[in-house]
Amino acid sequence: LKLFISDQWYSALNAEYFSDPLKDVDLRITLGVGAGYQFTDNSFGALSTELGVSAVQEELNGDEEVNPAIRWGVDYNRYFLSQRLEFFHRQNLLIIPAQDRGQVLSSSTGLRFALNHRIDTAFRVDLNYETEPTAGNNKLDTSYSLGLGIRF
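Quick summary incoming for the structure in this document. Nothing here was measured: the structure is a model prediction, and the numbers come from that model. (Residues numbered from 1 in each chain as written. Predicted model: local features only at pLDDT ≥ 70, side-chain atom pairs only at ≥ 80, totals over all residues. Heavy atoms only, no water.)

**A closer look at the sheet that holds strand β4 (residues 45–60)**
(1) Moving on: An order of β1-β2-β3-β4-β5-β6-β7-β8-β9 is seen for the 9 strands of this open sheet, with the pairing classed as antiparallel. Here the strands that pair on one side only, and so sit at the sheet edges, are β1 (2–4) and β9 (140–150). Sheet twist, expressed as the average angle between the axes of neighbouring strands with direction ignored, equals 15°.
(2) Moving on: For strand β6 (residues 85–96) and strand β7 (residues 102–114), the ladder comprises 12 bridges, and the chain directions are antiparallel. Looking across to β7, one finds that L93 is bridged to L105. (Pairing = 2+ DSSP bridges. Helix = DSSP H or I, 4+ residues; strand = E, 2+ residues; numbered from the N terminus. Axes fitted to C-alpha atoms, helices over the stretch in contact; angles between N-to-C directions.)

**Quick notes on the packing of aromatic side chains**
Remark: the centre distance and the inter-plane angle together describe each pair of aromatic rings, the angle taken between the planes.
(1) Moving on: Tallied over the entire structure, the rule returns 4 aromatic pairs.
(2) Moving on: Taken together, a centroid distance of 5.2 Å and an interplanar angle of 55° make the contact between F4 and Y10 tilted.
(3) Moving on: Relative accessible area serves as the criterion here: at 39%, F4 is assigned to the partly exposed category.
(4) Moving on: Relative accessible area serves as the criterion here: at 1%, Y10 is assigned to the buried category.
(5) Moving on: One aromatic cluster in this structure is built from W9, Y37 and F39.
(6) Moving on: Here the guanidinium or amino end of R112 rests over the ring plane of F88, the centre of that ring lying 4.6 Å away. (Phe/Tyr/Trp six-rings, centres within 6.5 Å; stacked < 30°, edge-to-face > 60°. Buried < 20%, exposed > 50% of the residue type's maximum accessible area, 1.4 Å probe, protein only. Lys NZ or Arg CZ within 6 Å of the ring centre and 35° of its normal.)

**Regarding the layout of surface pockets**
If you roll a probe as big as a water molecule over the atoms, it shows you where there is empty space left.
(1) Moving on: Reported here for the largest pocket is a volume of approximately 350 Å³.
(2) Moving on: Forming the boundary of the largest pocket are 23 residues, of which R71, V74, R90, Q91 and N92 lie nearest the centre.
(3) Moving on: At 5 residues, strand β2 (residues 9–20) tops the list of elements feeding residues into the lining of the largest pocket. (1 Å grid on protein atoms, 1.4 Å probe; cavity = no way out; pocket = protein on both sides within 12 Å on 5 of 7 lines; lining within 4 Å. Points joined across faces, edges and corners; volume = space filled by probe spheres on them.)

**Side note on the pairing of strand β3 (residues 25–42)**
(1) Moving on: Relative to β3, β2 runs antiparallel, the two sharing 11 bridges. If you follow F18 over to β3, its bridge partner there is R28.
(2) Moving on: In this antiparallel pair of consecutive strands, β2 and β3, the connection spans 4 residues, and D24 shows a positive phi of 60°.
(3) Moving on: In the sheet, β3 pairs with β4 via 16 bridges, with the strands oriented antiparallel. Considered in β4, the bridge of L31 is made with A55.
(4) Moving on: Here β3 folds back onto β4 in antiparallel fashion, the turn holding 2 residues.

**Describing the pattern of salt bridges**
(1) Moving on: Inspection of every chain in the model, using the stated rule, returns 10 salt bridges.
(2) Moving on: Residues R71 and E50 are paired through a salt bridge, measuring 2.9 Å at the closest nitrogen-oxygen approach. Taken together, the residues R71 in strand β5 (residues 63–80) and E50 in strand β4 connect sequence positions 21 residues apart. Both residues of the pair, R71 and E50, count as buried. (Salt bridge = Lys/Arg side-chain N within 4 Å of Asp/Glu carboxyl O.)

Right under this line is the structure:
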């Protein structure tokens, strides 16, 4: 949620839910507040970034913790072909100062093509990187998605 306080500056509220049983992340709920700056937002695309503080509730491998974190986010999109084709990139970096947690980076990058004014198709690559994953898990997890969407 962005609440603009000037043409470019805004206050931000965010919430995120993540779960990945394969990486022993039973749940990760992040709630935060911060401030952001909108560099550009026009018919060609948009770029904004935000910085804030968050509370991170995690249940990892059966153990539950709540930790504070610093959150940095970037949101970028660029339109082509009269806004029928969109390139997008969204990322969040959580810096969790707890001794055994480190940083968690998640990003989604892809292309979306509008088939008409209501239906689109998208291909995206999602990355999740943890500097301190649970024991026996890789630091990097990559997934690829191809799908159909409906615009409201």
